[in-house]
Every structure is written in C-alpha cells, then in structure tokens.
There are 2 protein chains.
Amino acid sequence: MGIVAVGHDRDWLEVRFEDGTTQRYLGTWLRDNITTGRHRDAGQRTFDINSLPEMTIAGASLHADTVTVTFAPEGLDATFDAAWFCLHRSTSGTGRGVTPRPTLWGDEQQGSLEFADHPTLVCDPARLHDWLTGIRDLGFGLLENLPATPGSILEAVDLFGYVRETNYGRIFEVRDEPEPANLAFTRLEIGMHTDNPYRDPVPGLQILHCLVNESDGGDSRLADGFAVAERIRSDHPEAFQLLTTHPVWFRYLDGGSADLQAYKPLIQLDSRGQVTCVRYNSRSAQAFDMPADVMAGYYRAYRILGDLLHDPGARIEFRLEAGQLMAFDNQRVLHGRTAYTAGARHLQGCYVDKDSLHSRIRVLEAAR
Amino acid sequence: MGIVAVGHDRDWLEVRFEDGTTQRYLGTWLRDNITTGRHRDAGQRTFDINSLPEMTIAGASLHADTVTVTFAPEGLDATFDAAWFCLHRSTSGTGRGVTPRPTLWGDEQQGSLEFADHPTLVCDPARLHDWLTGIRDLGFGLLENLPATPGSILEAVDLFGYVRETNYGRIFEVRDEPEPANLAFTRLEIGMHTDNPYRDPVPGLQILHCLVNESDGGDSRLADGFAVAERIRSDHPEAFQLLTTHPVWFRYLDGGSADLQAYKPLIQLDSRGQVTCVRYNSRSAQAFDMPADVMAGYYRAYRILGDLLHDPGARIEFRLEAGQLMAFDNQRVLHGRTAYTAGARHLQGCYVDKDSLHSRIRVLEAAR
C-alpha cells in the first residue's frame, strides 16, 4: 500500500497510508533498523544499540514510494520503502513468522493416526513438510518402513535434526531382559510421563524406533500435555497457579556416573503466560519441598494433573511394529505403554533438539 | 535428632522433635514418599499419584526412632525414620541440593584470572572439580596446555559433557579469511553478545579453543549478564519489567540450509523471578515487534541493557594464545573481542549442554 503523507516530531514519525489510516514509528526504532546497518549477505545488524547516540528525528520527506528520514545529531539520512512501513503497520507483539500455536488434541485424534512412509519422505519434500508440521503442531508423528536394524533410527533423525547426546549415549535401548531385579516392572504398564525432567534443557524431541515387537500387549500411548494444561487453566485456575509457580525437584542418580538434578515447575509458562513445557515423571520426582501451607493445595493440583494425563479421553493408543517409529515433543506430549506378556520387545530411542525441526520446516516452505 | 511424640488428624501428621519444635507433614505427601514405593536399585518411584486413592491418616505410632503411619482406606502401614522427618523439617521450597545461585562479578574479576592446566585436570579430580564449579558459579573457566590442533577442543569437552551438534556442525571455525565480502568486519571489534538467541534451547555452554593467534589485538572479553540483569532489576525496575516481559524476534537465515527463529525476552525469568537466561545479539535481532505505546520505553530499557553490558566496569579482558581455551555459560555470560590488525587468528568452537556439567560436579563431590 502506498503512502500519501509523512510528518514527525522529535521522537516519532507518522505515516499516513492510502487507505487513510496512520501509524506512528519510533525514531530510535527506525534508526536501529536502517537497511545500511545490516550486512548485505547475512542480513545481520552490524552495530549495537549502545553505539548509537541518543537521537531525534530532524526531518522526514516522502518521494514516491520511499520515505527519507534525517536523524540528529548524526545528520544521517536513511531511506525506507513503503513496503517496510506496511510490513510493520501492526506491531502487535504477536511474533509473526515464529512457530504457530499448537493444535490441542485428545482421543478423537485416534481416528486420524497415520504412519508416514520413510522412503517417500526422503525424496518428497512436500510429504516431508506435512510430516514435520504434524510433529510441530500436534507434537507427534508416526513413521514406518524404516529398516528394523540397530542404528536405523538415525536415518529418521537425518530428516530434520541432530541427535542430542547425553550420558545415555547417542542412542538408548528400551528392551525386556530377564533380569530378576527388574522383572516385577519390565512388563507392567508404564504410566504416562515425560522423559528426563531432571535435565536442563529437557530433551525437546524423543524418537522411539521399534526393532522387535513379538509381545502380546506393550502398545504405545501418547497424551497431549498442553491440552491437559489448558484444561486445568480453565477448569481449575487455583491448581494451575500452583503447578506453574512451585518448582519440583527431579533427580536421576546413577552410581558413580551421573547425578542429574533440576528444580522446575510441572507446568512451565513463558513471559506471556503460554505453556512451554510440561514435566511429569513420578519415577524421578523427589519428595516435594514446599511450605506446609502450600502442600495440601499442591497435592490436590498434582492429583488433578495426574488424573487428567491418565484419562483415556486424553490419549491415543497404537502398536509399534518392527520398522515403525514415533517422534514426539518431550516438552509437551506424555508417553507410556500398556502391560505386555512374554515375547521379545526392543525399541531404540534418542533425543533431538527442536530448533532444527522448525528450521527445516521453514526451509522447505521457502523452497516451494 | 530424635522424635519424642507424634499426633495426627485426618490429613496431617504432627511430629515433635527432641528440641521441642514441631513440624506438620501432609498425609498424602507421606504416602507418596513411602520407602517401599521406590525401586531398590534406581530409587525411582514405582507408582503415579493418580493410582493412589484419596486417603486419610488412620493411625500413627512412635517406636524408638521410627514412626509408623497407617493410611486409610488402603490399610497400609508405612514406616519412616526420624532422619527422614529431620531431612524434611524445613520444607521451604529452596530446592536444596540443586544448583547454587551464581556468584555475580564485574571487572574486579580481572585480578583473579587463571588458566587451569589441562593435563592436571585430566588426572586430578579435585582440580577438575574446582575448575567446573568455577564455570557453574562464575559462568566461565579458562584452560591452557591443550594441543593447538584441530579437534583438540573435544578433549576439553570430555572433561564434563557432550557436544551439542547443530547446523554449524559439531565444531565451528572462527577465523580471519581474506574474503572481500566480509573484510570490512572480520578484524573489527565485536561487541558483547550471546550466541544463537535464535535457537531454542539456546546453547548452554560455549567453548572456544585457540589454534592460532598471531594478530595484534583480538583480545577476548567476557561480561556477566546475570550481574547486569540484577543491576537493572534494582536500579531500573521499569526497564527490567519491559525486558523480562516483551519477547524479541531473533532470526538466523542461511540460504537454503537453515532458518532458525525464536521469539523470547532479552532477560528471561523463571517462575520464581530468578534470571535464567540473557539473550543479547543485535546481529540477529529483528525489528522489534511490539505495540507503539511500549516501543519508546522498551528502547530506553534496551539502551540501558546495551550500555551496561558494554561498560568496561562490567567486563574482563584477556588474550587467548594457541592451546588456550575458554568455556562460558552462553545463557549468562556475554562475549566479544577487541579489534585486531593483520596476522592469522583461528579459534575452534562448540556448544555443550549444561546438565552434564552439573552432574559431573555432583559425581566428583560424591566420590570424595
């Protein structure tokens, strides 16, 4: 849209657009964003705010589709296109261009479960894009036709990111081994949980690849922790307040090799109040350490969270066969499995950071 | 300390200690922490809150140094040692056992700069512990006598963690190459900044290893972003409020290979108001996207932050020679360098997550 008039005072430039609307732009903001202040290749700004003098707008003039602003005391003239002003007409603080809000779900998602075909994703950018945006927006994705061989999980990781190595190695094993010390637990149902809440940062994505599944049962479950958190926010505001405010101490202790600890709330909010991480893992939660007058209310809130996360209406359930894989947002989606009877079952897992997933989606969109 | 009496109502157990003080313990909390509810090897809890009935305390009795509590409706008897009650006498929510608060610093730190000796750290756990706690508490550590050969940086990483691989690879190069497109910038002073604010999670630790330094100048600078943040909190509360509340859009765009974006505040707080991350990088900050009525105040706050981060009183300065290395907390400590004249300069860098650093410190302490 064209510009029909500009005006200014010491601090602000006012632009009137063709449609009669006006918008004010702060002089310092304009000076900070002059096009000649960015490297021509990388588009990176080449100066810092502290290297600029306190400045005022000394003049502004309109020439066709450009506005030239003169800054004092520098005496610097900078030219901005109408398109630049249009792009920044709505400075609403919505973070345009950044990750979209998640699509919340419950068991109705069960009806649309699909395993994407790995060989197809490797050679079809459009299909890959769809699969990756599913992981971004729903928090999980399913894949099949990957070789059921050790290490093949890395071929799936290559689609969008890099392994996050930890004390568990680049790849960890989830399998049923006949060790008496663990026999009571290995085939039991595993409740819904997120992995490694004792780690900071918490692993962003978890990938689980099935190599063998000859057992009866052992089906996988996933639940949307963000959906549960939003339900608590609306239905149990007092519980939400407690769960987002009081940290819990998580710990994983492995003899002489690791002592991982974190002290974080079960539901974490960002500065705008949006849920950014759900941590839920009774196995590694230590005795809650909070004032006695908070404890009873906190346990009521904790029970609400635990009940909702285990509600059948909140989850999907499916069986991973050899050569199939699930990838999920470990800061959002809880996982668990049903009990199973005799028969070998072997998964390989790894953790992956989320930034590369989002980057890859944007690169695929730009290449369209 | 011994226990002289116990009492209870439906929800609470009251314990009176030898010194005459009393402490109340919530029944649900006790039931959640029974010793038989944890796996004997891993110490991990074997049940979830949602698998417990709503319960009351049906009885409590004291026998020497143990207290037996009966829970209804389960009819379960659980025994707790006096030591357990002592350990949890003060449930103040301080996160005992987790990472201590940082030691804030400014240019007075210049007087105590020391490069630790790499071969010594490899074989002396006490010295290694001291060096690692320095990184934890001060946010940085210096090392020397590492081979000045490509890849030797990984020997330093092996002391405490795992490389975080990104689109820049496992190791990235920082060197002066005679490429015309960048010549104007490569030898100039580089202002104080944190790396990769466009990434989520932001790399926790950055390691920079010097392979060649034959230039005149090019000295390294570090500043404590947490100290600056606390100064703003106390001296400029309005600015602190703006910097911790309004997200900024960061972006790194690399042609067809990467489009990394994050939308985060420059100073990030946790749910208790403690500073957990400082992001400052004018090169990758995009035009601020916030309402016009916030913009002028935000720019005043941004200038305060930029000025304080570049204040000579806030920083240390030293020269990295070949074979020397610095490791610093990239979520806290800003780095930069002075201008330099002709002469080769080559650093290798990598990112490392912080959780392993803290784990390694605890393991070293437990082995003493």
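Just so you know, these numbers come straight off a predicted model, no measurement behind them.

**Observations concerning the overall build of chain A**
If you tally the helices and strands in chain A, you get 10 helices and 20 strands. Taking 21 Å as the expected radius of gyration for a compact globule of 368 residues, we find that chain A reaches 26 Å, considerably beyond that expectation. Taking the principal axes of the C-alpha coordinates as reference, chain A spans close to 80 × 60 × 45 Å. Across chain A, contacts joining residues at least 24 apart in sequence account for 74% of those joining residues at least 6 apart. Accessible surface computed for chain A: about 14,700 Å², of which carbon and sulfur atoms make up 49%. Mean positive and mean negative side-chain charge positions of chain A (36 and 51 charges, respectively) differ by 2 Å.

**With respect to the relation of the copies chain B and chain A**
Superposing chain B onto chain A requires a rotation of 180° together with a translation of 0.0 Å along the rotation axis, leaving an RMSD of 0.0 Å. Viewed as a symmetry operation, the transformation between the two copies matches a two-fold axis. Every residue of chain B has its C-alpha some distance from the rotation axis, and the shortest such distance is that of B:Arg164, at 3.1 Å. By residue overlap, the copies meet face to face through one surface: 100% of the interface positions of chain B are interface positions in chain A.

**Some thoughts on the domain arrangement of chain A**
You can read the domains of chain A as domain 1 (3-87) and domain 2 (107-366). Here the C-alpha centroids of domain 1 of chain A and domain 2 of chain A sit 47 Å apart.

**Quick look at unusual backbone geometry**
All names here are of chain B. The linkage connecting Ala 72 with the following residue, Pro 73, adopts the cis geometry, with an omega of 5°. Residue placement: Pro 73 occurs in the loop between strand S5 (66-72) and strand S6 (76-81). Cis geometry marks the peptide bond from Asp 200 to Pro 201; its omega dihedral reads 10°. When you line up the elements, Pro 201 lands in the loop between strand S10 (190-193) and strand S11 (205-213).

**Re the pairing of strand S14 (residues 258-264) of chain A**
All names here are of chain A. Extensive coverage of S14 is indicated by the burial of 7 of its 7 residues. With burial as the criterion, each face of S14 is covered, one bearing Ala 258, Leu 260, Ala 262 and Lys 264 and the other bearing Asp 259, Gln 261 and Tyr 263. Summarising the sheet, strand S13 (residues 248-254) and S14 pair through 7 bridges and their orientation is antiparallel. In the strand pairing of S14, Phe 250 is matched with Ala 262. What sits between the antiparallel neighbours S13 and S14 is a turn of 3 residues, in which Gly 255 has the positive phi angle 35°.

**Describing the side chain of B:Asn330**
All names here are of chain B. Tracing the sequence through the fold places Asn 330 in the loop between strand S18 (325-329) and strand S19 (333-337). On the accessibility criterion, Asn 330 (0% relative accessible area) is buried. Only 2.9 Å separates the side chain of Asn 330 from the backbone nitrogen of Asp 195, close enough to count as a polar contact. In contact with Asn 330, other than residues within four places in its own chain, are Thr 194, Asp 195, Val 202, Pro 203, Gly 204, Leu 205, Gln 206, Val 278 and His 335.

**Some thoughts on the interface of chain B and chain A**
Counting from both sides, the interface comprises 89 residues of chain B and, opposite them, 90 residues of chain A. Carbon and sulfur atoms supply 49% of the area buried between chain B and chain A, which totals about 7,700 Å² over both sides. Taken as a group, B:Ile49, B:Tyr299 and B:Arg303 account for 9% of the area that chain B buries against chain A, more than any other trio of residues on that side. Run the count over chain B and chain A and you get 8 salt bridges. The salt bridge involving A:Glu54 is made with B:Arg303; its shortest N-O contact spans 3.4 Å. For the interface between chain B and chain A, the tally reads 40 residue pairs in polar contact (both at pLDDT 80 or more). Elements with a minimum of two residues in the side of chain B that touches chain A: strand S3 (22-26), helix H1 (27-32), helix H6 (180-186), helix H8 (237-245), strand S13 (248-254), strand S14 (258-264), helix H9 (292-309) and helix H10 (355-366) of chain B.

**Considering the sheet that holds strand S9 (residues 172-175) of chain A**
The strands making up a sheet associate through hydrogen bonds between their backbones, and the pairing can be parallel or antiparallel. Residues and elements named next belong to chain A. The 6 strands lie next to each other as S7-S8-S18-S11-S20-S9, forming an open sheet whose pairing is mixed. Each of the sheet's edge strands pairs with one partner strand only, and the pair in question is strand S7 (115-117) and S9. Direction aside, the axes of adjacent strands within the sheet are offset by 25° on average. Bridge count between strand S11 (residues 205-213) and strand S18 (residues 325-329): 5 bridges; the pairing is antiparallel. From the neighbouring strand, Leu 205 faces S18, where its bridge partner is Asp 329. In the packing of helix H4 (residues 125-138) onto the sheet, the strands contacted are S7, strand S8 (140-144), S11 and S18, and the crossing angle to S8 comes to about 145°.

**Quick word on the sheet that holds strand S8 (residues 140-144) of chain B**
Residues and elements named next belong to chain B. The 6 strands lie next to each other as S7-S8-S18-S11-S20-S9, forming an open sheet whose pairing is mixed. Every interior strand has two partners, whereas the edge strands, strand S7 (115-117) and strand S9 (172-175), have only one. Between one strand axis and the next, the sheet turns by 25° as a mean value, whatever way the strands run. Strand direction decides the pairing type here: S8 and S18, joined by 4 bridges, are antiparallel. Each residue of the ladder has a partner; that of Phe 140, found in S18, is Phe 328. Most of the contacts of helix H4 (residues 125-138) go to S8, to which it runs at about 145°, and overall it touches S7, S8, S11 and S18.

**As for H10(B)**
Residues and elements named next belong to chain B. In this model, H10 (12 residues) spans 17 Å end to end at C-alpha, consistent with the 16 Å of a helix rising 1.5 Å per residue. Judged by how many residues are buried, H10 sits mostly within the fold: 9 of 12 residues are covered. Within H10, burial applies to Asp 355, Ser 356, Leu 357, His 358, Ser 359, Ile 361, Arg 362, Val 363 and Leu 364.

**Topic: the pattern of salt bridges**
The final tally for this structure, using the stated rule, is 36 salt bridges over all chains. For A:Asp224, the salt bridge is made with A:Arg332, and the minimal N-O distance between the two is 2.9 Å. Residue A:Asp224 is located in strand S12 (residues 220-224), and its partner A:Arg332 is located in the loop between S18 and strand S19 (333-337); the two are separated by 108 residues in the primary sequence. In this structure, A:Asp224 and A:Arg332 share a single accessibility class: buried. Salt-bridge contacts for B:Glu74 lead to B:Arg31; the nearest nitrogen and oxygen are separated by 2.6 Å. Here B:Arg31 lies in helix H1 and B:Glu74 lies in the loop between S5 and S6, a separation of 43 residues in the sequence. Where salt bridges share partners, they join A:Arg164, A:Arg199, B:Asp353 and B:Asp355 into one cluster.

What counts, and where the lines are drawn
Residues numbered from 1 in each chain as written. Chains lettered and ligands numbered in written order. Predicted model: local features only at pLDDT ≥ 70, side-chain atom pairs only at ≥ 80, totals over all residues. Heavy atoms only, no water. Helix = DSSP H or I, 4+ residues; strand = E, 2+ residues; numbered from the N terminus. Rg over C-alpha atoms; globule rule 2.2 N^0.38 Å. Contact = heavy atoms within 4.5 Å. Areas by Shrake-Rupley, 256 points an atom, 1.4 Å probe, with all protein chains shown as cover. Lys, Arg positive; Asp, Glu negative; His and termini not counted. Charge placed at Lys NZ, Arg CZ, Asp CG, Glu CD. Least-squares fit on C-alpha atoms with pLDDT ≥ 70 in both. Domains from an automatic or database assignment. Buried < 20%, exposed > 50% of the residue type's maximum accessible area, 1.4 Å probe, protein only. Pairing = 2+ DSSP bridges. Polar contact = N/O pair within 3.5 Å; in protein donor to acceptor, adjacent residues only side chain to side chain. Buried area = accessible area lost by both parts, 1.4 Å probe. Salt bridge = Lys/Arg side-chain N within 4 Å of Asp/Glu carboxyl O. Axes fitted to C-alpha atoms, helices over the stretch in contact; angles between N-to-C directions. Expected span 1.5 Å × (residues − 1).

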